[in-house]
Amino acid sequence: MISVKNLYHSYSNDEKYAVKDVSFEITEGEVFGFLGPSGAGKSTTQGILTGLLQLQKGDVTVAGYDIKHIKNEMFNKIGMSFEQSNVYSKMTGKENLEFYRKLFDVKTREPQELLDLVGLGDKGDIKAGEYSKGMKHRLTFARSMINNPTLWFLDEPTTGLDPAIASEIKSIIKEKNKEGVTIFLTTHNMFIADELCDRVGFIVDGEIKLIDSPKNLKLLYGEKFVDVEYVDGKETKKESLSFMEKEDIGRLKEILDSYEIRTMHTKEATLEEIFIKVTGRELV
Amino acid sequence: MKLWHSFVKELQLSSKSWYFYIEVGMAVVLLLILLLAVPEETDSRTDEYLYAGGLPSDYVDLIYKGLLDDEDEDSEYERVQIKTGGDLFGADLFVTDTRNIYFVDDREAVLRLAKEDKEVGIEIIPGRDGGLDYLYYLQGYESQKLKNLYMVLQNNKVNYKFVERHMDRQTVETIEKDPFVLNNRENIVPVFLTYNGSLMGLFIIAAYIFLDKKEGIAMAYAVTASKVWHYLMSKIGVMMVTTISTGLILVIPVMGARANYPLLLLLVVATAFAFSSLGLVVTTYYRDMMQSFGAFFIIIVAMILPNISYFAPSWEPSWIKYFPTYHILEGFKEAISIGGSAGYVVFVSIGFLAAGLILFLFANYRFKKTLTI
C-alpha cells in the first residue's frame, strides 16, 4: 500500500536533511506506527506521503500512485486526520462535513453518521468555533473518514482527548482496520502504538533506527522485571530485579528466603523503554 | 461542481466574516461622503481683493464702469462685508465668470487679508506716467515666473498690446463638440471604484489565504480530491462578488441610469480578477500578513500615482500610462460617462483578463508548492 525508498527531504534545500535515507513498506490492511520524538521527521515523512510536502529525493508510491506526479484521484482513497484540528470555525460540525464530502468523487459517508460515531451526534448544528479542543479534534478525525479511505493517515489521533473518548477512538481505528483499511499512525504515544500497531518504525533525527512488530521488539529487547517490596528490620525496601540476569535471580531468591515480602509484581518492558534502549533517546 | 461547492462555501464564510462587512461599510461611508460632502459643481472662481482708495474717484468710477460693462455677470455690483482678523470691512463685490473681485473700503483690509488669510491683496495706485500701477501683497513663496506674469499683465513692463495680439493670433481648435463632462461628484466615482473595488481584492484575498493557512484549513483542503485552482478560484469568485456589490453601492445612487452598467461590470470583474490574482501571487512568497505587508504597501503606493494625473491632467508623464490603475481610472470614467468609449473599456477589460489569467496560472503553480507550508 505504501512503498518508500531512500527518501530524503531538506527544508533548506541543502544537506541539512530533516529526513534521510528512509525506506520502508506497508502492506495492505496493516497498522503501521511511526514513532519518534518531536522533530524526528515523522510529520515530514507523513507530509510527503500525503502530498502536503513536495517529494525532493527518493521513490514513494502511495495507494498505487507515484508521489512524484500526484493525481487528485489519489485523495479519493486516502484519509488524513491531523494532529492540530483544522476545521472551519464559522461553520457547524455538520456543515464542515457536508462541505468536505462534496470534494471527493467517491461514495461518501453521511455526516450525521460520522458525528454519531465520534460522540458529536447532538453537537452537529453548533458552530465548530464553539467546540472544545477535544470536540474539534474528534470532528477532524471524523472528517478523515468521510470518503471511506482505504489508506488512513492518523497523526496523534488521541492527543488531548479524555481517556473514555480516546478509548472510543481506538475502537474505531481497530474496527476500520478489521474492515481492511491500512493505517499509518504517527505518534509519540507508545501505549497506543503498542495497542494498535502490527509493526512500528522508530525514527530519530530523520533516520529510521528499527522496524518490527511490538511483540518481536519485546522478545528481542525487552527484559522482564519483578518489583519486590520487603521488610528489612524496621525499614521497608524496594528493588527492581531482572529475570534475565543471573545475579538478579540470585538476589531475588535471597530476598524471598530472608525477608518478609510486602508486595511483588512482575513487569514487562514497555515499548517506550525499548525505544530508549534502541535509540538512546527519550520520547519528548 | 467542486469549484461551485467551494465558491458557495467561500461565499457563506465571507458573509460571516468581518472583511466583507468592512468592505461594504467602507462603500457606504464613501457613498455618504460623495452625496453629503462633495458638491456636484464647485465654484472655481478665484477671490481677488483690491483697494483703490488712493485713486481719484473718477478713476475708480471708470474701473467700476469697465467691470460692470465688460465682465460682471449681472452688470451690478453687490455691497458686502468681509471678515478678516476679527473685524468687518465693507467692500463692493463684482462677480465675473472666473473671479470674485472685492473692492475693499479700507487699505487695512487688504493687508490683513494677505497676512492672516493668505489671500492675494492688491492696491491700485496712480502711476508715474498717469496710468495705474498695481501693488501686490504676496506671501513670499510665489515663484519668479508668477511675479513676472503680474509684471507683464498688470504693470505694463512689456508691451501688453503685443502680447494680446500674439495670443489672439493663436488658433483654437475644438476636438470634440459638446463633450459630456462628469460633474465633481461623478468624477470621484472612478477613483472610489478603483481603490475600494478593484484594488481591495489584492489585500482581502491575501487575508483570507493567510487565515486559512493559520487555521490549517488549507492543509485539510490539500488532501481532498479537489484541485488547488478550485480553491484559489473560489476565493477570487468571492472577491468579484464583493467588488461588484460595493461598486454598485457607489455607482447606482450617484449615477442612476446614466452609467453603462454592462461595461462597468465587465471592467469591475476583469480588474478584480487581475488584482486578486496578483494578491495570490504575493501571498505565495510570505508566511503571514505581517511579512507580506511591505510588498502590498509598495504595490498600493505605486498604484495610487495615476490618481495625481487623473485629478491634475496637466501632469501626465508618458510613464504613468504603464501603471494599470491609470487605465482602470480612465476605463471607469468612460463606463459611467454618457457616450463613453465602449471600445476603450472592452480593450482595457480584455487586457486585465489576460494579465489576470497569467497571474492566476503562476499563482496556481506557486501554490502547489507552498499552500501547505
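These numbers come from a predicted model, not from an experiment.

**A word on the overall build of chain A**
No. 1: For chain A, the count of helices and strands is nine helices and 13 strands.
No. 2: Dimensions of chain A, computed from the C-alpha atoms along their principal axes, are close to 75 × 50 × 35 Å.
No. 3: Looking at chain A as a whole, 49% of its 284 residues are labelled buried.
No. 4: Surface exposure of chain A reaches about 13,600 Å², of which carbon and sulfur atoms provide 47%.
No. 5: When the 39 positive and 47 negative side-chain charges of chain A are each reduced to one mean point, those points stand 3 Å apart.

**Observations concerning the sheet that holds strand β2 (residues 19-26) of chain A**
Note: strands within a sheet are paired through backbone hydrogen bonds, in either parallel or antiparallel orientation.
Residues and elements named next belong to chain A.
No. 1: The strand order β2-β1-β4-β5 describes an open sheet built from four strands, whose pairing is antiparallel. Looking at strand neighbours, the two that pair on one side only are β2 and β5 (65-66), the edges of this open sheet.
No. 2: Where strand β4 (residues 57-62) and β5 come together, two bridges link them in antiparallel fashion. If you follow Val62 over to β5, its bridge partner there is Tyr65.
No. 3: Relative to the sheet, helix α1 (residues 42-49) contacts β1 (2-9), β2 and β4, its axis offset from that of β1 by approximately 120°.

**Some remarks on empty space enclosed by the protein**
No. 1: Following the criterion strictly, the structure yields two cavities of 30 Å³ or more and no others.
No. 2: Along its surface, the largest cavity is lined by 14 residues, and A:Tyr88, A:Lys90, B:Leu13, B:Leu211 and B:Asp212 are the ones closest to its centre.
No. 3: One number sums up the size of the second largest cavity: a volume of about 90 Å³.
No. 4: Taken together, 13 residues form the lining of the second largest cavity, with A:Met80, A:Phe104, A:Arg143, A:Ser144 and B:Val223 sitting closest to its centre.
No. 5: Residue contributions to the lining of the second largest cavity peak at three residues, all from strand β6 (residues 78-81) of chain A.

**Quick look at the sheet that holds β6(A)**
All names here are of chain A.
No. 1: On the basis of which strands lie adjacent, the open sheet formed by six strands has the order β6-β7-β8-β3-β9-β10 and mixed pairing. Looking at strand neighbours, the two that pair on one side only are β6 and β10 (207-212), the edges of this open sheet. Along the sheet, successive strands turn relative to each other by an average axial angle of 15°, direction set aside.
No. 2: Strands β9 (199-204) and β10 of the sheet are contacted by helix α7 (residues 214-221), whose axis makes an angle of about 95° with β10.

**So, helix α1 (residues 2-15) of chain B**
Residue and element names in this part refer to chain B.
No. 1: Given a rise of 1.5 Å per residue, 14 residues ought to cover 20 Å, and the 20 Å separating the end C-alpha atoms of α1 matches this to within 8%.
No. 2: If you check which residues of α1 are buried, you get Lys2, Ser6, Phe7, Lys9, Glu10, Leu13 and Ser14. For α1, the angular spread of buried residues about the axis comes to 165°, placing them on one side.

**Observations regarding the nonpolar core**
Across soluble globular proteins, you tend to see nonpolar side chains buried next to one another.
No. 1: Ranked by internal contacts, the top residues of the largest apolar core, which has 102 residues, are A:Phe24, A:Val62 and A:Phe202.
No. 2: Element by element, the count of residues in this core is highest for helix α10 (residues 228-255) of chain B, at six residues.
No. 3: When neighbours within four sequence positions are excluded, A:Val62 is seen to be in contact with A:Met1, A:Leu49, A:Ile67, A:Met74, A:Ile78, A:Leu151 and A:Phe153.

The rules we used
- Throughout this document, residue positions are counted from 1 along each chain, in the order its sequence is written.
- Whichever chain is written first is A, and whichever ligand is written first is 1; the rest continue in order.
- Per-residue local features are limited, in this predicted model, to residues with pLDDT of at least 70; the limit for side-chain atom pairs, both in listing and counting, is 80 or more; totals at the level of whole chains, interfaces and linings are taken over all residues.
- Side-chain calculation: all heavy atoms of the structure are included, whereas hydrogens and water are not.
- Every helix listed is a DSSP run of H or I at least four residues long, and every strand listed is a run of E at least two residues long, numbered separately from the N terminus.
- Exposed residues in this analysis have more than 50% of their type's maximum accessible area, buried residues have under 20%, and partly exposed residues fall in between, with area computed by a 1.4 Å probe over protein chains only.
- Shrake-Rupley sampling with a 1.4 Å probe provides the accessible areas, and residues are treated as covered by the protein chains on show and by no other component.
- Lys and Arg are tallied as positive, Asp and Glu as negative. Neither His nor the chain termini are counted.
- Where a charge sits is defined by one atom per residue type, namely NZ (Lys), CZ (Arg), CG (Asp) or CD (Glu).
- Strands are labelled as partners when DSSP assigns at least two bridges between them.
- For this analysis, residues touch if any pair of their heavy atoms sits within 4.5 Å.
- Each axis is a line fitted through C-alpha atoms, and for a helix only the stretch in contact is used; angles between axes span 0 to 180 degrees, taken between their N-to-C directions.
- In this analysis a 1.4 Å probe is tested at points of a 1 Å grid over the protein atoms alone, and where it fits but cannot get out there is a cavity; an open set with protein on both sides within 12 Å along at least five of seven lines is a pocket; lining residues have an atom within 4 Å of a point.
- Grid points are joined across faces, edges and corners, and a volume is the space filled by probe spheres set on the points.
- The span one expects for a helix is its residue count, reduced by one, times 1.5 Å.
- In this description, the arc belongs to the directions extending from the helix axis to the C-beta atoms.
- Buried Ala, Val, Leu, Ile, Met, Phe, Trp, Tyr and Cys residues form a nonpolar core when they are joined through side-chain atoms within 4.5 Å.

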